[in-house]
Amino acid sequence: MLKTLDIENIAVIEKATVEFSEGLNILTGETGAGKSIVVDSLNAILGERTSRELVRHDSDHAFVSAYFEDINPQVSKKLEEFGVSVDDDNSLVLTRRISSEGKSVCKINGRNATVSMLREVGDMLVNIHGQHDSQALLNPDYQYQYIDMLCKDKSYLENYREAFKELISIRRRLKALTGSEADKDRELELLNFQIDELEQADIKVGEREELLKRRTLIQKSEAIANALNSALSAINGSDDEQGAQSLINGASGAVQSYDECRELYELFDGVNDRIESAKDCIDRLFAKIDFDENELELIEERLDLLYKFSNKYGNTEQDMLDYLDEAIKKRNSIIYSDEELEKLNNEYDVVYEKTVSIAEKLSAYRKKTAEKFENQVKEELSFLDMPKLQFAVTFDKNKLSSTGFDKIEFLISTNVGEPPKPLAKIASGGELSRIMLAIKNILSYNDIIGTLIFDEIDTGVSGSSSRKIGMKLKSVSKNTQVICVTHSAQIAALADEHFLIKKQFTDKSTYTSVMPLDYEGRKNELARIMGGLEITDTLLKSAEELLQTED
């Protein structure tokens with residue numbers, strides 16, 4: 001639910017903090033005081049389109065922050081998709097800074113986000129319903145969602161989605177196989193070239209690493225050979241001076257005859273053995289760096305080939321070989337496409353029949369749910385002083401889509417004897433608000449949305465109906481947080497938390513404040529709503545009675 005809303009420099013609101021409660025939150029104030037600005041601020045933080053005109057005059061930016069508590073698992077999952085961490089207490093902070101040039105900077109839990117990300121998350125947190133802002137309710141393309149939300153057994157829809165996903169996968173494979181012959185020929189020509197090129201290259205996993213090592217060795221071979229020759233000269237000596245091996249042999253012969261020097265003799269003998277081992281190692285190293293003059297050129301050519309292939313077929317040798325395997329499979333699928341096509345067509349027919357069967361079961365379950373939904377809506381509307389209004393849910397059969405084949409539409413008849421017509425064509429603003437409230441009351445136990453906002457839902461409604469609307473809002477607020485902007489004292493009297501939107505003037509500026517009201521403040525505000533500018537004792541008494549009655 002929405003816990004805290006901070007507003008800075010939005011229109012005539014310089015700075016305001018609103019602490020909402022769990023139940024029914026009411027916002028009232030005189031016409032033009034700025035109640036709609038609070039809703040505009042909420043729209044901004046939920047990712048709706050804004051303009052620089054929203055920024056307060058003489059300010060370089062506007063800022064809105066919303067703090068949510070106890071967000072639901074679906075919201076957490078969406079945040080994880082965006083790479084946004086969620087605190088252990090399941091809280092969430094959305095912020096949006098709007099410059100006077102109209103540019104926005106959005107953040108989710110302190111992490112930079114786009115406006116579209118803000119909108120996706122906002123759609124799962126808050127629903128705002130104004131007198132003319134119920135597009136999902138009016139649009140037949142979305143009305144199925146209300147029925148699906150009421151379906152207790154979600155397996156019908158889940159099973160259908162899995163079947164439809166499988167059907168689409170086969171359809172895509174069929175489309176790929178049924179391309180034009182010219183396209184097939186071009187693809188086959190390209191695949192043959194790639195396969196021949198890769199097969200002739202005879203690529204081995206790990207060969208590039210070995211080639212690089214060999215190239216490095218060859219490039220250092222002259223320096224290594226010089227070092228080995230120097231080491232060998234030191235061991236063997238030259239015409240002018242003795243080497244280390246000759247000197248050691250001489251020292252060994254000098255002490256060989258004396259038993260007292262036996263230990264020293266053995267040490268010299270061991271050194272001589274080590275020198276022989278060193279000479280053997282030098283010979284092996286000489287053999288290792290012995291190479292053909294053209295070898296380096298051949299290595300460079302091979303490395304160049306592997307580099308070009310890495311740009312075409314994959315970074316590593318294994319990637320290139322995998323590409324070769326896949327290319328062979330594609331070539332075979334084209335060569336044997338007629339057989340594959342027949343197999344896929346048969347598979348498609350089977351999956352299509354299965355999907356249609358599941359869609360029919362889903363449709364039947366939806367119809368049962370819709371029948372119950374119709375009766376519930378009628379009961380709700382009867383309570384809201386619309387007993388003559390007829391509400392019906394119609395089903396037409398469309399092509400299979402990701403949601404089934406049902407085209408679901410809500411119809412109403414506002415006058416006795418008239419046939420039901422689409423909701424969007426004949427519902428007035430006041431009627432639409434009450435229908436939407438009735439539906440929301442029914443859905444409140446199933447809707448994942450934690451906060452519902454109603455903007456002047458009482459417009460064009462009488463006092464008696466206003467009271468009943470207030471009772472329904474109160475009922476909805478037991479399961480879902482409700483924030484309501486209203487001009488009705490009957491609705492405002494039911495508030496768990498009542499805020500007054502008040503405009504104030506100075507010599508140079510206009511300011512709007514948002515203030516929570518205590519009991520006395522609520523009584524005065526209800527009296528103002530009922531009586532206008534002049535608040536009399538009679539109005540105050542009536543307001544007090546209204547508060548006591550609603551309590």
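Note that the structure is predicted; figures quoted are calculated from it, not measured.

**Structural notes on unusual backbone geometry**
Step number 1: Of note in the backbone geometry, Asn9 takes a positive phi value of approximately 60 degrees without being a glycine.
Step number 2: Considering the arrangement of structural elements, one finds Asn9 in strand 1 (residues 2-10).
Step number 3: Judged by its relative accessible area of 14%, Asn9 falls in the buried class.
Step number 4: In the Ramachandran plot, Asn109 falls in the positive-phi region, its phi being about 50 degrees despite a non-glycine side chain.
Step number 5: Looking at the element boundaries, Asn109 is found in the loop between strand 6 (104-108) and strand 7 (111-113).
Step number 6: In this structure Asn109 comes out as partly exposed when scored by relative accessible area, which is 23%.

**Examining the sheet that holds strand 4 (residues 61-68)**
Step number 1: Across the sheet, 6 strands lie side by side as 2-1-4-5-6-7; this open sheet has antiparallel pairing. Across the chains shown, the open sheet's two edge strands, defined by having one partner strand only, are strand 2 (13-19) and strand 7. Each strand of the sheet is rotated relative to its neighbour by a mean of 15 degrees, with strand direction disregarded.
Step number 2: Pairing geometry for strand 6 and strand 7, over 3 bridges, is antiparallel. Across the sheet, Lys107 pairs through a bridge with Asn112, a residue of strand 7.
Step number 3: Taken strand by strand, helix 1 (residues 35-45) contacts strand 1, strand 2, strand 4 and strand 5 (92-99), and its axis lies near 105 degrees from that of strand 1.
Step number 4: In the packing of helix 3 (residues 115-125) onto the sheet, contacts are made with strand 4, strand 5, strand 6 and strand 7, and the angle to strand 5 comes to roughly 135 degrees.

**As for the pattern of salt bridges**
Two side chains of opposite charge can pair, provided their charged atoms sit close to one another.
Step number 1: By the definition in use, this model includes 18 salt bridges.
Step number 2: The residue Glu120 makes a salt bridge to Lys78 at a minimum N-O spacing of 3.1 Å. Placement of the pair is Glu120 in helix 3 and Lys78 in helix 2 (residues 73-81), with a sequence separation of 42 residues.
Step number 3: The exposure class of Glu120 is partly exposed, given its relative accessible area of 36%.
Step number 4: Judged by its relative accessible area of 17%, Lys78 is buried.
Step number 5: In this structure, the salt-bridge partner of Arg214 is Glu295, at a minimum N-O distance of 2.8 Å. Linking Arg214 in helix 8 (residues 207-236) with Glu295 in helix 11 (residues 295-313), this pair joins segments that are 81 residues apart in sequence.
Step number 6: Residues joined in a network through salt bridges with shared partners are Lys78, Glu81 and Glu120.

Reading the values: the criteria
Residues numbered from 1 in each chain as written. Predicted model: local features only at pLDDT ≥ 70, side-chain atom pairs only at ≥ 80, totals over all residues. Heavy atoms only, no water. Helix = DSSP H or I, 4+ residues; strand = E, 2+ residues; numbered from the N terminus. Buried < 20%, exposed > 50% of the residue type's maximum accessible area, 1.4 Å probe, protein only. Pairing = 2+ DSSP bridges. Axes fitted to C-alpha atoms, helices over the stretch in contact; angles between N-to-C directions. Contact = heavy atoms within 4.5 Å. Salt bridge = Lys/Arg side-chain N within 4 Å of Asp/Glu carboxyl O.

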